Amino acid sequence: MAQYDYLIVGAGLFGAVFAHEARQAGKKVLVIDRRNHIGGNVYTEDWGGIPVHRYGAHIFHTDDEEVWRYVQQFARFNRFTNAPLAKYGNELYHLPFNMNTFYQMWGVVTPAEARAVIDEQKKEITGEPRNLEEQAISLVGRDVYTKLIKGYTEKQWGRECKDLPAFIIRRLPVRFVYDNNYFNDRFQGIPAGGYTLLVQRMLEGAEVLLNTDFEAVRGLGLADTVVYTGPIDAYYGYRFGELAYRSLRFETEDLQGVNDYQGNAVINYTEAKVPYTRLIEHKHFAYDQPEVMNQHHTVISREYPMDWKQGLEPYYPVNDDANHQLFARYQDLADSEKNVIFGGRLGQYRYYDMDDTIRAALNCARDALNNSAFE
């Protein structure tokens, strides 16, 4: 007899939601994670009273009302509004692209004036855009592309924009109103105290083992069903080869005696010659907490994209035909499994926002638990 109903591999959002739902249904759950902490990439840690997003900025946003109600069981969320800035040389621009951006770029003050400039500049693109560069110019014109998209994107993906598919930027937010709120979603915020506390509350009642690799327990028959949120190609020993990812490296500094370094949570650095893509100042995520904002120090992180290799954290799936075809081969293997569920951005080789991850985990858990009731 197995000791547990579910062995959940990975203590990030997908695994934590699945664990919570399974525990609510009376199931016995073991959660393991190879890292020394819970939370996956949303992990936050305390640096002298400032919650620091160790793996980059995470701002929760959703239009899914059920998901919004769900997360509020576990934490109080503030109403943080993501309004990043873009820095090009000594120039600062508002993001997402909106009338504030266009005023800063061209001095235009009405939507009609902004549309006229963009329409004139995008005439250089004829026919259907064939790559990211052409798609961007057709959306916002050559000036915005050159200053605010090209360098940032090429750093992010490690390839020239001409060599990237158009669909990556097809949903680029462009607004002809004065609105710096990056997201259109109705619900947005960051949990008070950080995401680690939220995940900790989700995992209550589950047994959790950290610093534990799946391969160390794989053959022990600990559970009736495995919920695997690690890389799907790793599960199968890279049988068909490695799926490609982009990874990130962070340089984090604690600046003593500095109350406010840049006046904003996130500033994008869009010039190619600046090696990092973003500079994050963590205390601004807790703008509504005086005990954080009044700290006589601040913590900043610079974010450097890089190619992924084994031993690094995989962050962003590389969306091209070769990797989609490779993933399909692994997906065929996964579809034939009877007692293994693959979930999350690594298990499904898909970029998920946090709300997408939670929605997918809820749906997956409900399906699994409903099916188990009839076994």
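Throughout what follows, the structure given in this document is the object of discussion.

With that settled, the discussion passes to empty space enclosed by the protein. Under the criterion given, the structure shown has one cavity of 30 Å³ or more. Reported here for the largest cavity is a volume of approximately 60 Å³. Surrounding the largest cavity, Pro51, His53, Ile190, Pro191, Gly193, Gly194, His282, Phe285, Ala286 and Gln289 form its lining.

Within the secondary structure, arginine 246 is located in strand β11 (residues 245-256). Note on arginine 246: relative accessible area 5%, which makes it buried. Polar contacts involving the side chain of arginine 246 include one to the main-chain carbonyl oxygen of lysine 155, which spans 3.0 Å.

So, about the pairing of strand β2 (residues 29-32). Residues Val29 and Val31 point to one face of β2 and Leu30 and Ile32 to the other, with burial holding for every one of them. When strand β1 (residues 4-9) meets β2, the two strands line up parallel, connected through four bridges. Bridge pairing in β2 places leucine 7 opposite leucine 30. A crossover links β1 with its parallel partner β2, the connecting element being helix α1 (residues 13-24), and its sense is right-handed. As paired elements, β2 and strand β9 (residues 207-209) share three bridges and run parallel to each other. Residue pairing in the sheet places isoleucine 32 in a bridge with leucine 209 of β9.

The set of residues buried in helix α3 (residues 99-106) consists of Met99, Asn100, Thr101, Phe102 and Met105. Buried positions along α3 lie against β7 (91-94), α4 (111-121) and α5 (132-157). Of the residues flanking the start of α3, the one acting as N-cap is asparagine 98, its side-chain oxygen 2.8 Å from the backbone nitrogen of asparagine 100. Among the residues trailing α3, glycine 107 stands out with phi positive, at a value near 80°.

Strand pairs in the sheet, formed through backbone hydrogen bonds, run parallel or antiparallel to each other. Read across the sheet, five strands follow the order β9-β2-β1-β10-β16 without closing on themselves; strand pairing throughout is parallel. The open sheet has two free edges, formed respectively by β9 and β16 (340-342), since each of these has just one partner strand. Neighbouring strand axes in the sheet, compared pairwise and without regard to direction, differ in orientation by 20° on average. Across the face of the sheet, α1 comes into contact with β1, β2, β10 (223-228) and β16 while running at roughly 165° to β1.

Assignment of secondary structure puts arginine 35 in the loop between β2 and β3 (44-47). On the basis of relative accessible area, arginine 35 is assigned to the buried category, the value being 10%. Among the polar contacts listed, one links the side chain of arginine 35 to the backbone oxygen of glycine 40, at a separation of 3.0 Å. Those residues in contact with arginine 35 that sit more than four places away from it in its chain are Gly40, Asn41, Tyr55, Leu210, Asn211 and Glu313.

Ring pairs (aromatic) are described by centroid distance and by the angle formed between their planes. Applying the stated criterion across every chain, the model contains 29 aromatic pairs. Judged by centre distance (5.0 Å) and plane angle (85°), the ring pair of tyrosine 235 and phenylalanine 342 falls under edge-to-face. Remark: phenylalanine 342 occurs in strand β16 and tyrosine 235 occurs in helix α8 (residues 232-235); sequence separation between them is 107 residues. An identical accessibility class is assigned to tyrosine 235 and phenylalanine 342; each is buried.

About the thresholds
- Residues numbered from 1 in each chain as written.
- Predicted model: local features only at pLDDT ≥ 70, side-chain atom pairs only at ≥ 80, totals over all residues.
- Heavy atoms only, no water.
- 1 Å grid on protein atoms, 1.4 Å probe; cavity = no way out; pocket = protein on both sides within 12 Å on 5 of 7 lines; lining within 4 Å.
- Points joined across faces, edges and corners; volume = space filled by probe spheres on them.
- Helix = DSSP H or I, 4+ residues; strand = E, 2+ residues; numbered from the N terminus.
- Buried < 20%, exposed > 50% of the residue type's maximum accessible area, 1.4 Å probe, protein only.
- Polar contact = N/O pair within 3.5 Å; in protein donor to acceptor, adjacent residues only side chain to side chain.
- Pairing = 2+ DSSP bridges.
- Right-handed = clockwise from strand over helix to strand, strands pointing away.
- Contact = heavy atoms within 4.5 Å.
- Axes fitted to C-alpha atoms, helices over the stretch in contact; angles between N-to-C directions.
- Phe/Tyr/Trp six-rings, centres within 6.5 Å; stacked < 30°, edge-to-face > 60°.

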